[in-house]
Each structure stands twice: as C-alpha cells, then as structure tokens.
Amino acid sequence: DTLTSPTQVSLQSGAGIRATPLRTLTLNGSVRRYRTGASLRGEELSTTSYTTGFDWRPSGKFTASTTWSATSGYVRGGPASTLVQSTVQWMPNRNVQATGTYARANQQVRDPNTALAATRETYGAWVALGLSRDLRATIRYSVADPGLPSHATQVNAAVTRSFGR
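What counts and how
Residues numbered from 1 in each chain as written. Predicted model: local features only at pLDDT ≥ 70, side-chain atom pairs only at ≥ 80, totals over all residues. Heavy atoms only, no water. Helix = DSSP H or I, 4+ residues; strand = E, 2+ residues; numbered from the N terminus. Areas by Shrake-Rupley, 256 points an atom, 1.4 Å probe, with all protein chains shown as cover. Salt bridge = Lys/Arg side-chain N within 4 Å of Asp/Glu carboxyl O. Buried < 20%, exposed > 50% of the residue type's maximum accessible area, 1.4 Å probe, protein only. Pairing = 2+ DSSP bridges. Phe/Tyr/Trp six-rings, centres within 6.5 Å; stacked < 30°, edge-to-face > 60°. Contact = heavy atoms within 4.5 Å.

Novice: Sorry if this is basic, but what is going on with the overall build of the protein chain here?
Specialist: Each helix and strand counted, the protein chain has zero helices and nine strands in total. Helices (α) and strands (β) of the protein chain occur, in sequence order from the N terminus, as β-β-β-β-β-β-β-β-β. Accessible surface for the protein chain amounts to roughly 11600 Å². Of this, 57% is attributable to carbon and sulfur atoms.

Novice: Help me understand the pattern of salt bridges in this model?
Specialist: For side chains bearing opposite charge, pairing can occur when the charged atoms are close. Here the structure, examined in full by the defined rule, presents two salt bridges. The salt bridge involving Arg 104 is made with Glu 121; its shortest N-O contact spans 3.2 Å. With Arg 104 in strand β6 (residues 96-107) and Glu 121 in strand β7 (residues 119-130), this pair connects stretches of sequence that are 17 residues apart. Note on Arg 104: relative accessible area 31%, which makes it partly exposed. A relative accessible area of 16% places Glu 121 in the buried class. Ionic pairing is found between Asp 145 and Arg 120, a salt bridge with its closest N-O pair at 2.6 Å.

Novice: Would you mind showing me how to read the pairing of β6 here?
Specialist: In the case of a regular strand, side chains alternate between the two sheet surfaces. Alignment of strand β5 (residues 81-93) against β6, held across 11 bridges, turns out to be antiparallel. Bridge pairing links Gln 85 to Ala 103 in β6. The antiparallel pairing of β5 with β6 creates a hairpin that spans two residues between the two strands. Both β6 and β7 contribute to a ladder of 11 bridges, which runs antiparallel. Within the sheet, the bridge partner assigned to Ala 98 lies in β7 and is Val 127.

Novice: How should the packing of aromatic side chains be read in this particular structure?
Specialist: Here the distance between the centres and the angle between the planes together describe a pair of aromatic rings. This model, assessed by the stated rule, comprises two aromatic pairs. On the numbers, 5.7 Å between centres and 75° between planes, the contact of Trp 56 with Phe 62 is edge-to-face. The exposure class assigned to Trp 56 is partly exposed, which follows from its relative accessible area of 36%. Here Tyr 102 and Tyr 123 contribute two aromatic rings whose centre-to-centre distance is 5.1 Å and whose plane-to-plane angle is 50°, an arrangement assigned as tilted.

Novice: Teacher, can you tell me more about the environment of Asp 145 here?
Specialist: Inspection of the secondary structure assignment puts Asp 145 in the loop between β8 (135-144) and β9 (152-161). Exposure remark for Asp 145: the relative accessible area of 2% places this residue in the buried category. Measuring from C-alpha to C-alpha, the distance between Asp 145 and Arg 120 comes to 5.6 Å, with 25 residues separating the pair along the chain. Setting aside its immediate chain neighbours within four residues, Asp 145 contacts Thr 119, Arg 120, Glu 121, Ser 150 and His 151.

In short, shape yes, function no, at least from these values alone.
In structure tokens:
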C-alpha cells in the first residue's frame, strides 16, 4: 500500500524523436512514463503521457505550430486527459506582429455530480503595432469556454511609450 509503506520507489522514463523532413517543417514525438509505489513490481500508481506536434516556418514572417498530448490516469481505469494547442504568428515587418492561439483540453470526468466541464476551450488573438520609435500599441482578445455557462471574454488594449532611449 503506497500510503502506509515506509519506503516509496519512483521511476520516471521517457523517449523522444525529432525529425526535420523539410527545411521548413519539424515533427516531434515523445512518450513518458512515471511510476511510484512501495516497489517497482505490482500494481502501483503510474501514468503515461504521449506528445506529438509540428512546427512549420515557411518564412521568417510566418510560423505555425500544433501540439497534441494525451495522459493516462494514475490508477488503472482512472480519468485520462488530452490537450491540443495551436499557435500561428505573422510578422510582416518589424512594426507589426499578429498572433492567434487555440487550446482544447478534454478531461474524462468520472463523477456525474462534479461541476467541472469535461472540455475546456480557449481562443485568443494578439496584435502589436509599432506606431513610432518609442510608441507601441497592443490589443489582446480571448474567449474561454465558448457556448458554456462558464464562458468568459476578455479584451485588453494598451499604448506604451518608452522614455530615455
């Protein structure tokens, strides 16, 4: 029993691979395993996670990346989760930068009485403009959990001036 044993043994292992099939494309993948308990034998607490993704950079002005990961629960048959994250970025010149993001997390919920949403989503956009040498404007927009009662929208705008350059 992991709660009453005077000794705990943990083992963590992992492996990954990175490939660049094209000069502008990088592919990534990894697997990790964590296990803990009174010994390294038998049914103790363990989890395994898998991650894969890509980075695409067709030019110095545009990049895109996506990562997908899945993690098993610590107990056999326990809840698992997945996560997808994507980002695109465009920088047509040194005075303009635009970024868009998306994330979706799925957590298996075993308790029907829980108030947690099994799926969470967020969208976001960010624009930065260099108005002059010392003046910069940024606008951020994000939406969390669209279509759910817990949804939230946030808009931020700022103008920043540098002094003493």
